[in-house]
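Single-letter residue listing:
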Amino acid sequence: MQLNWLNQTPIRKGLLGLKDNGTFKTNMFETFDVVQEKQTKQTFYGNIHSQAFPPKELLFNHSFMGDENTILVIPIVQEDHYFGMFGFVGTDDIMTQLMPLHTTYQLATYFAAGYLRANITERMNNYSQQLEMISDIIYDGIWEYTNTNKEIVCRGGIVQHFGERTNYANIDFERIVNIIHPKDREFFIASLALDRRITKQINLEVRVITNNNQLMWIQIVGQFIYVDGKLTKAVGSVKDITNRKKADAKINELAFYDTLTGLANRISFEEQLAKEIEIAKDNDQSIALILCDLDRFKVINDSYGHKVGDHILKTVAARVKPLLAENQFFARFGSDEFVVIMPHINDNQEAYQLASDIVQVINQPIYDEHRHYQISTSVGISIYPENSKATDILVSADIAMHSAKAEGRNRIHIFNDQIKHHNASQIKLEEQLRHAVEYDELSLHFQPIYYVDSEEIYGVEALLRWNSKEFGKVSPRDFIPLAEETGLIVSIGEWVIYEAIRVMKKWQRKYDVPIKMFINLSSRQVNHPNFSRELKRIFDITDIDPRRISFEITESMMIDNFEQGKLILAELIDMGVKLSLDDFGTGYSSLSSLRHLPFQILKIDKSFIDDLSAVDANVAILKAIIEMAHSLNLSVVAEGIERQEQYDLVASLGVDFIQGYYTNPPLPEDKIEKFFKRKHPQKPSSP
Ligand code: C2E
Ligand code: CA
Ligand code: CA
């Protein structure tokens, strides 16, 4: 910026354009006034391309360039670097005088050289900073061992963790060994045994105790240098890898533990099982596997949300854990499955006992801030080698568990031949059931539902019967769950509706009885996406008054998915059919929750009726139920009335209808017709 020498030249003003940050477009301009020996202005004229230099704002600005003036533009270049341009303003003859041309070129060259140097220095500074940073990242320290004086010199920030005040320490081997965690010392010393040649790079990960008693994982990398076969020195680095170790542990945990419950997951369970089986094989011991599957967990999850589901799973895990001995292995096996490995059991009873304890703790209500949940679990037990081969132990437990579910849940089954057999016969049964409609093996029986205090039939309940060529008569309690499980219930249920309607129409025609038909629906059937469309179609084709049909729906179907259930019920009501709530008293629902559901009839379950004479409290409850039902405009059917005294009791409590063996068992079509003949003599057939 010493510009006075320009007074020796015809140059009066100057302009400097610099490439800013390597882009061509951004240019900074300075003008200086040679006469006044100072920079007159420092103005930023915006981004322009180098080809637009000098900016026209200045070229046409009379105070910058008079008419007589010329501007000499010289690039600032050094080696391959182009930094910008100078503009020198003077009178016309600057172009013809050698001196100003020469000096201005020289000026530009010097300027460029200086600029380049400044640039390089800046970059160098950057590099060295980067190097420092990199070395901080890569090594927390470096070390050097010299064999002649057995000295170990350590540099770097890590040194301060071991009580040094500077980043430099001269530490002897003894002291290092003392810093190392006792559990890693032996390994450390063995890895560095200097009596053998260590040709490969060493790479050790050991724990150390820092001077403020923190555990730190360090990685020691190094190379031993031998001259003529003799160790002269070794050099290497030390790095704090505590965080990486923590991350490793976390990843490990994720891979082998279930994050929700903190239990081992399926992978570690399988590993553990394989180990335990090996041990059991070698020592002639028995192992039990206890597989627990929560009942209706999906229902809870769907109805109350995953948060509730998670809470329940956590609670279950927490309750079961304290029941287990130290050598027993507990894992979360699937979404709602838990499994326990019981090594060397002496007696199957031990496994059964533990399983019952598990069932019991799970049965205790689980609370959250909103409500309480009643959970149960079905348990399958298999025992190696008694009833399962090593490879089958899991499958056997699973079969036993499913058998417990099939028998009504909340129970324990130990795998045995019977279950195995049962399982095999289930498969056969399913095969046969698949063809039942096609082979014409299904039929309906009808059980009359009577008005109380009258011999008059109010309606009949259609009850499915299967007479299998292979198995003979199979109870609906056996094949309906199977049909639900396999989805066959959709087509079978459709058949039931058609068949029931056919019979209704026949009776109407022959006996003029507008009898009400109660038809059971199952959850799977109702939840089928085509259900209501199919039903509408049936009503269209058969031309039946839907008001004469009452669909029986169980409480459990409603709990399965309350909101969805409500929608479906509304659709059914829209079609004009009636709805009965079946098996009331066996499930969880309360009458108050029915308030918002469009039922007309409540069917009180047989088990409730069975308990009646025994406990007076039940009578009071039943009375309350009936009164409340009436206040909700529901009629009440008492199911499973077998004896006179039951009949008398429910009648006295105000039940509207009764159904049961006391009046009639379910009867085939023609037997029912006999009632009609008796009560309604057949009309002469109309033309
Ligand atoms: P549910 O709907 O509770 O039917 C009443 C059951 O109680 C019938 O058993 C009936 O025979 C029986 N029962 C009636 N009165 C008495 C009595 O006084 N004493 C005794 N011990 N039992 C009595 P069933 O016919 O074996 O049917 C069993 C279950 O199978 C039914 O229970 C129902 O849940 C299901 N089911 C039957 N037919 C169908 C159907 O077409 N579709 C569907 N989804 N389920 C059906
Ligand atoms: Ca029923
Ligand atoms: Ca029932």
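Because the structure is predicted, anything quoted here is derived from the model rather than measured.

*Asks:* Can you explain the site of ligand 1? Please cite residues and give values.
*Replies:* Residues in close proximity to ligand 1 total 22 residues, the closest being Leu 464, Arg 465, Lys 606, Glu 642 and Tyr 661. Leu 464 is positioned such that a nitrogen or oxygen atom in its backbone is 3.0 Å from a nitrogen atom of ligand 1. Contact between ligand 1 and Glu 642: a nitrogen atom at 2.6 Å from a side-chain N or O atom of the residue. Taking 790 Å² as the accessible area of ligand 1 by itself, protein coverage stands at 87%. A total of four residues in the shell around ligand 1 trace back to one element, the largest contributor, which is strand β20 (residues 457–468). Of the residues assigned to the shell around ligand 1, the class counts are nine nonpolar, five polar and eight charged.

*Asks:* Let's hear about helix α10 (residues 393–406): which residues, and what values?
*Replies:* The first and last C-alpha atoms of α10 sit 20 Å apart over 14 residues, in line with the 20 Å expected at 1.5 Å per residue. Within the sequence span of α10, burial applies to Ile 393, Ser 396, Ala 397, Ile 399, Ala 400, Met 401, Ser 403, Ala 404 and Lys 405. On its buried face, α10 is in contact with α6 (266–283), β12 (286–294), β14 (337–345), β17 (377–384), β18 (412–414) and α11 (417–436). Following α10 by one or two positions, Gly 408 adopts a phi angle in the positive range, close to 120°.

*Asks:* I'd love a proper account of unusual backbone geometry, names of residues and values included.
*Replies:* For the peptide bond that leads from Tyr 384 to Pro 385, omega is 0°, which places it in the cis range. Mapped onto the fold, Pro 385 is located in the loop between β17 and α10. Residue Asn 410 is not a glycine yet carries a positive backbone phi of 55°. Mapped onto the secondary structure, Asn 410 falls in the loop between α10 and β18. For Asn 410, a relative accessible area of 34% puts it in the partly exposed group. Residues other than glycine seldom take positive phi values, yet Asp 543 does so here, at roughly 55°. On the secondary structure map, Asp 543 appears in the loop between α15 (531–542) and β23 (549–554). Its relative accessible area of 63% is what places Asp 543 among the exposed residues.

*Asks:* Would you mind going over the sheet that holds strand β7 (residues 151–155) in detail, with residue names and values included?
*Replies:* With antiparallel pairing, six strands are arranged side by side in an open sheet as β8-β7-β6-β11-β10-β9. Edge positions in the sheet fall to β8 (168–171) and β9 (202–209), since each of these pairs with one other strand and no more. Each adjacent strand pair in this sheet contributes to an overall mean axis angle of 25°, direction not counted. Judged from the six bridges that link them, strand β6 (residues 141–146) and strand β11 (residues 230–240) form a sheet pairing that is antiparallel. Within β11, the position partnered with Gly 141 by the bridge is Val 238. In this fold helix α4 (residues 182–191) packs onto β9 and β10 (215–227), with an angle of close to 150° to the strand it touches most, β9.

*Asks:* Pulling in residues and values, what's your account of the coordination of the calcium ion (ligand 3)?
*Replies:* Four donors placed tetrahedrally around a metal ideally meet at 109.5 degrees, and six donors placed octahedrally ideally meet at 90 or 180 degrees. All of the protein donors around the calcium ion (ligand 3) are Asp 582 (OD), Asp 583 (OD), Glu 639 (OE) and Glu 639 (OE); their distances to the metal are 2.2 to 2.6 Å. Sequence spacing among the residues donating to the calcium ion (ligand 3) works out to D-D-x55-E.

*Asks:* So what's going on with the pattern of salt bridges? Which residues, and what values?
*Replies:* Here the idea is simple: oppositely charged side chains can pair when their charged atoms come close. Under the counting rule described, the total for this entry stands at 26 salt bridges. We note a salt bridge from Arg 244 to Glu 205, for which the minimum N-O separation is 2.7 Å. Placement of Arg 244 in helix α5 (residues 242–256) and of Glu 205 in strand β9 is noted, with a sequence separation of 39 residues between them. With its nearest N and O atoms 2.8 Å apart, the salt bridge here joins Arg 502 to Glu 499. Note that Arg 502 and Glu 499 are positioned in helix α13 (residues 489–511) at a spacing of three residues, about one turn of the helix.

Here is what the cut-offs are and how they apply
- Residues numbered from 1 in each chain as written.
- Chains lettered and ligands numbered in written order.
- Predicted model: local features only at pLDDT ≥ 70, side-chain atom pairs only at ≥ 80, totals over all residues.
- Heavy atoms only, no water.
- Near = heavy atom within 4 Å.
- Polar contact = N/O pair within 3.5 Å; in protein donor to acceptor, adjacent residues only side chain to side chain.
- Areas by Shrake-Rupley, 256 points an atom, 1.4 Å probe, with all protein chains shown as cover.
- Helix = DSSP H or I, 4+ residues; strand = E, 2+ residues; numbered from the N terminus.
- Nonpolar A, V, L, I, M, F, W, Y, C, P; charged D, E, K, R; others polar.
- Expected span 1.5 Å × (residues − 1).
- Buried < 20%, exposed > 50% of the residue type's maximum accessible area, 1.4 Å probe, protein only.
- Contact = heavy atoms within 4.5 Å.
- Pairing = 2+ DSSP bridges.
- Axes fitted to C-alpha atoms, helices over the stretch in contact; angles between N-to-C directions.
- Donors = N, O, S within 2.8 Å, 3.2 Å for Na, K, Ca; no water.
- Salt bridge = Lys/Arg side-chain N within 4 Å of Asp/Glu carboxyl O.

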